[in-house]
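Results of the structural survey
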Amino acid sequence: MAKEMQADTTVAGQSSVLKATSSISLSKARWGESAIKIWLALCAFVSVVTTAAIVILLFSETLNFFESVSPAEFFFGTTWTPLFEPSSFGVLPLIWGTMLVTIGAAIIAIPTGLASAIYLSEYASDRVRKIIKPVLELLAGIPTVVYGYFALTFVTPALRNVFPDIQVFNALSAAIVVGIMILPMVATLSDNALRAVPISLRQGAYALGATSYEVTTRVVVPAGLSGVMASFLLAISRAIGETMAVTLAAGQTPNMSLSMFESIQTMTAYIVQVSLGDTPTGGIAYQTLFAVATLLFVITLVINIVSQIILNRFREVYD
Amino acid sequence: MIEFQDPSILPEINTPMNKKSALELRKVNIFYSDNQAVKDVSFNIRRNRITAIIGPSGCGKSTLLRSLNRMNDFVEGARVEGELLFADENLYGKDVDPVEVRRRIGMVFQKPNPFPKSIYNNIAWGPLINGYSDSTDELVEKSLKQAALWDEVKDRLHDSALNLSGGQQQRLCIARALAMEPEVLLMDEPCSALDPISTAHIEDLMFELKERYTIVIVTHNMQQAARVSDYTAFMEMGDLIEFNVTKRIFTRPSVKRTEEYVTGRFG
Ligand SMILES: Nc1ncnc2c1ncn2[C@@H]1O[C@H](COP(=O)(O)OP(=O)(O)OP(=O)(O)O)[C@@H](O)[C@H]1O
Ligand SMILES: [Mg+2]
């Protein structure tokens, strides 16, 4: 009891000393700090407002579009000829073209990217990692128009040596370059996911007489699977949104052909075509631009949200 | 200089292994790049006994323990010299397969490290990758019983192991190691992350296990070493200061440093 009292008086004594030397009202330095805070908040606000404005514009123009074209025709029609008579607004050929390129790219990028990630995180020495990682980042930084040009001037001619009847613009070369383009993303993000698996799990597995291959395939990859899956999804969403390379490489022929040797048109390539063309503002052809853009936006948004959900679950495992 | 109650606990250089030993260390030196972490350590690890390694932090206990099942192979720059005899072969011999060594000499780590899999699959994992082809149900039950965990988890074998408490996770890791039916079980401070009740559980467990296994345990807890072990090695700065039957180490050690350490008087 006596001790507590003594403690109380010490605290009281201290605060009176503080009061004597400084005021508790806001000093000038703190006002400066809140000014900076307001400015930062404003910047954040601007980006939120811009995003919201874009989304509102997309959706309102899309609603206008659906006043003249029925959703059934848009989503289930198989002919896409909005720019000339007789006009037809079935978006499936564009979705098909996008899918063809995306699936082709995924077939190339996912196994190779995962293999590179496994190599980097489980087998490569620190020295090798330090060389390969920046190279991957460099690859990810190449402007996509360069990939498109590369497809036209190198990949397609090379493919022509093997498949003589391949068209100048074709889905295959687009898929190949988009695959190369998203590979660094798969490799880097999967590598991060695998490296987040605690070392102690690897040690536990080795101590049970596992080989490095077993440790990798049966402990590390399953433990990091959600992160790896998220990297696949992000790369796929990047492939779906990819524009320059597919426009240059795959051409502008809306097409539901099964053949990857023919020219197709992706959703993004259509947007480029209309944006660069002389389509009058306000007409129905112009509104298709927004309908396709909204569709693209929703598809990639859903994929990104799903991958975010998967990633969050992954975090819960090792808190 | 040091007088031993039981001469079989010291190795004889250049002779075959003592029949009572599970492992024999002969002039073992361990380096991390140019740093020497273990210096000229020699002693025998008796079969079906518990051997404790004690000593101040950083003296090389974990390093020595990891060398016994070649877990040091994963540490960049680590190098082991000298002889570590196991089944009449040097663990670091040219033809030795480290994977096989780890299959026969299991390890339990300081921090429980169950796989993010079900309780059942944590146990069955080791045997399955090592080509165990019978039904694993019995093996899982047997291992969990040996680790005194069966009653607590038998109704939720397919739940995630990560939902178990720390003490249960550690017993799961012991069960996981036992499922491989190793000859030697190495434990690096297995109770340091556990509460007194879980610790008591694991100590009881060790008494039961030594009928079938040889156990080497690193511990910072003097009472634990005194309670559970039959032999104790006291290390300091990489040197083996004294090795003897535990009772002797804790009652009448031959070296003054040992006495100071086990009684808590640091000099
Ligand atoms: N991976 C490593 N690389 C380099 N040096 C290491 C490594 N691990 C341990 N050492 C060094 O080796 C010496 C012995 O370390 P060790 O971990 O074996 O000690 P310990 O007796 O287990 O200590 P503690 O009781 O704190 O666990 C220490 O000086 C340590 O710094
Ligand atoms: Mg240690």
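Residues numbered from 1 in each chain as written. Chains lettered and ligands numbered in written order. Predicted model: local features only at pLDDT ≥ 70, side-chain atom pairs only at ≥ 80, totals over all residues. Heavy atoms only, no water.

With the rule as written, the count across this model stands at 16 aromatic pairs over all chains. Look at Trp80 of chain A and Tyr270 of chain A: their rings are 5.0 Å apart centre to centre, the planes differ by 80°, and that puts the pair in the edge-to-face class. With Trp80 of chain A in strand S1 (residues 80-81) and Tyr270 of chain A in helix H12 (residues 267-276), this residue pair connects regions lying 190 residues apart in the sequence. Taking the relative accessible area as the measure of exposure, Trp80 of chain A reaches 4% and is therefore buried. Residue Tyr270 of chain A is classed as buried on the basis of its relative accessible area, which comes to 1%. Put simply, the rings of Phe65, Phe66, Phe74, Phe75, Trp80, Phe89 and Tyr270 of chain A touch in pairs and so form one group of aromatic residues. Arg79 of chain B extends its terminal NZ or CZ atom over the ring of Phe31 of chain B, reaching a point 4.5 Å from the ring centre. Here the basic side chain of Arg176 of chain B rests over the ring of Phe115 of chain B, its NZ or CZ set 4.3 Å away from the ring centre. (Phe/Tyr/Trp six-rings, centres within 6.5 Å; stacked < 30°, edge-to-face > 60°. Helix = DSSP H or I, 4+ residues; strand = E, 2+ residues; numbered from the N terminus. Buried < 20%, exposed > 50% of the residue type's maximum accessible area, 1.4 Å probe, protein only. Lys NZ or Arg CZ within 6 Å of the ring centre and 35° of its normal.)

Residue and element names in this part refer to chain A. Its domain assignment divides chain A into domain 1 (1-67) and domain 2 (75-313). Taking the mean C-alpha position of each, domain 1 and domain 2 sit 41 Å from one another. Each partner contributes residues to the interface: domain 1 has nine residues there, and domain 2 has 11 residues. Both sides of the domain 1 and domain 2 interface together cover about 900 Å² of buried area, and 83% of this is carbon and sulfur. (Domains from an automatic or database assignment. Contact = heavy atoms within 4.5 Å. Buried area = accessible area lost by both parts, 1.4 Å probe.)

Our next topic: the pattern of salt bridges. Residue and element names in this part refer to chain B. For the coordinates displayed, the defined rule picks out 19 salt bridges over all chains. Glu141 is the salt-bridge partner of Lys145, the closest N and O atoms lying 2.6 Å from each other. Here Lys145 and its partner Glu141 are both found in helix H4 (residues 136-146), four residues apart, which amounts to about one turn of the helix. According to the relative accessible area criterion, Lys145 is partly exposed, its value standing at 45%. With a relative accessible area of 29%, Glu141 lands in the partly exposed category. Each of Glu236, Lys256, Arg257 and Glu260 takes part in salt bridges that share partners, so that together they form one network. (Salt bridge = Lys/Arg side-chain N within 4 Å of Asp/Glu carboxyl O.)

Next up on the list: the side chain of Thr268 of chain A. By secondary structure assignment, the location of Thr268 of chain A is in helix H12. Ignoring sequence-local partners within four residues, the contact set of Thr268 of chain A consists of Ile240, Gly241, Glu242, Thr243, Val246 and Leu296 of chain A.

Helix-helix packing: each pair is described by the crossing angle between the helix axes and the interaxial distance. Residues and elements named next belong to chain B. Their axes nearest at 9 Å, the elements helix H6 (residues 166-178) and helix H7 (residues 196-209) cross at an angle of 20°. By the angle between their axes, H6 is roughly parallel relative to H7. For H6 against H7, the interelement crossing comes out right-handed. Seen from H6, the contacting residues are Gly167, Gln170, Arg171, Ile174 and Leu178; seen from H7, they are Ser198, His201, Ile202, Leu205 and Leu209. (Axes fitted to C-alpha atoms, helices over the stretch in contact; angles between N-to-C directions. Parallel < 35°, antiparallel > 145°, perpendicular 65-115°, else oblique. Left-handed = near helix turned anticlockwise from the far one by under 90°.)

To continue, consider the interface of chain B and chain A. The interface is formed by 22 residues belonging to chain B together with 18 residues belonging to chain A. At the boundary of chain B with chain A, total buried surface from both sides reaches about 1700 Å², with 70% on carbon and sulfur atoms. Together, Pro116, Trp125 and Ile129 of chain B form the three largest contributors to the area buried by chain B at its contact with chain A, with a combined 30%. Counting every contact that joins chain B to chain A gives zero salt bridges. At the boundary of chain B with chain A, the tally comes to three residue pairs in polar contact (both at pLDDT 80 or more). Of all the secondary structure elements, the ones that give two or more residues to the side of chain B that touches chain A are helix H2 (98-104), strand S6 (105-108), helix H3 (119-129) and H6 of chain B. Of the residues that constitute the side of chain B that touches chain A, the class distribution is 14 nonpolar, four polar and four charged. (Polar contact = N/O pair within 3.5 Å; in protein donor to acceptor, adjacent residues only side chain to side chain. Nonpolar A, V, L, I, M, F, W, Y, C, P; charged D, E, K, R; others polar.)

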